[in-house]
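An overview of the molecular structure
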Amino acid sequence: MKSVLSLIGIVFFLSSCNIQKASSEYTYWVNSRKVNCEGVAPTKCLLVQKGESPDDAKWENFYSEIEGFNFEHGYFYKLSVKEEKLSSDQVPADASSIKYTLVKILEKKADPIFRLHDIWVLESINGESINIKGKRPSLEINLSTMMVGGNNACNSYGGKIIHVDNDRLEFGPIASTRRMCQDMDVPDKFDLAIVNTRKYKLDELKLFLLDETGNVLLQFKKAD
C-alpha cells in the first residue's frame with residue numbers, strides 16, 4: 001500500500017512540474033499602433049517584443065491575441081503575460097500552440113508621435129504665407145491606419161505613411177483627383193512639398209513638414 005501511495009505521489013509531483021513548465025510569465029512591450037500583416041487573410045497585428053526594456057529595432061508582428069488585453073491606439077504598454085503551452089487537441093486550425101493571457105498592465109503611456117494624428121490646415125509654403133480664396137489646403141494624418149489624405153486647394157489626395165518616428169515622416173506614392181483649377185500655383189507647390197517631406201516638427205498647435213536637410217516646406221495649424 002505504501003508503495004502504491006509513493007508511486008501516486010511521484011506521478012502527482014511530476015505532473016505538477018510539467019504543468020509549471022508549460023505555463024510561464026513574461027514581460028511584453030506593445031507598440032502604440034498596429035500594422036498590416038498576412039495571416040489566413042490580411043489583418044492588423046500588434047507590434048510586440050519581450051524583455052525588460054524595448055528596443056526600437058526589435059519590434060515583431062504578433063499574430064495571436066492576448067486574452068484579456070484591450071489595445072488602444074496611441075499608447076505604449078508594458079504587460080505581464082502568461083504563456084501556456086497547449087496540447088495538440090486544444091489547438092484550433094491555423095492557430096498558435098501557445099495561449100497568451102494578460103496577467104497585469106504594468107505601464108501604459110501615451111506615444112508623443114500620436115500628436116500628429118489629426119487634421120491640419122496649411123498656413124505657409126516654403127516660408128511664404130498663402131493667400132487664396134476659398135478652402136485652404138489640408139492634411140489629415142491617421143496613424144491608426146498609417147494613411148494620409150486631404151485637399152491641396154484643388155484636388156483631393158491620399159496615400160500611405162511609409163515611415164514615422166520621433167522626428168521623421170515619409171509618405172509613399174500619393175494619388176489624387178485630376179481636376180484643373182483656375183490657379184494651380186498653390187496646389188502644385190503643395191504637391192511637390194508633400195513628395196519631398198522627410199522630417200517633421202511639432203510646436204504647440206503647429207506642424208512643420210521638412211525636407212531631408214531640415215528646410216521648412218509646409219507649415220500647418222491644427223484644425224479647430
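Above this note sits the structure.
So, here is what we can say about the structure in this document. (Residues numbered from 1 in each chain as written. Predicted model: local features only at pLDDT ≥ 70, side-chain atom pairs only at ≥ 80, totals over all residues. Heavy atoms only, no water.)

Scanning all chains against the criterion turns up two disulfides. Across the disulfide from Cys 37 sits Cys 45; the S-S distance is 1.8 Å. For the disulfide bridge between Cys 37 and Cys 45, the dihedral angle about the S-S bond is near 80°, and by the sign convention the bridge is right-handed. For the pair formed by Cys 37 and Cys 45, the shared burial category is buried. One disulfide in the model links Cys 154 with Cys 181; its S-S distance is 2.0 Å. Its S-S torsion of about 95° marks the bond between Cys 154 and Cys 181 as right-handed, since a negative value means left-handed. In this pair, Cys 154 is assigned in the loop between β11 (147-151) and β12 (156-164) and Cys 181 in the loop between β13 (169-176) and α2 (185-196), connecting sequence segments 27 residues apart. Numbered by order of appearance in the sequence, the disulfide-linked cysteines of the chain pair as 1-2, 3-4. (Disulfide = S-S within 2.5 Å. Buried < 20%, exposed > 50% of the residue type's maximum accessible area, 1.4 Å probe, protein only. Helix = DSSP H or I, 4+ residues; strand = E, 2+ residues; numbered from the N terminus.)

This paragraph deals with unusual backbone geometry. Phi is positive for Met 146, which is not a glycine, with a value near 55°. Within the secondary structure layout, Met 146 lies in the loop between β10 (138-142) and β11. Phi is positive for Glu 204, which is not a glycine, with a value near 55°. Among the secondary structure elements, Glu 204 is positioned in the loop between β14 (199-203) and β15 (206-210).

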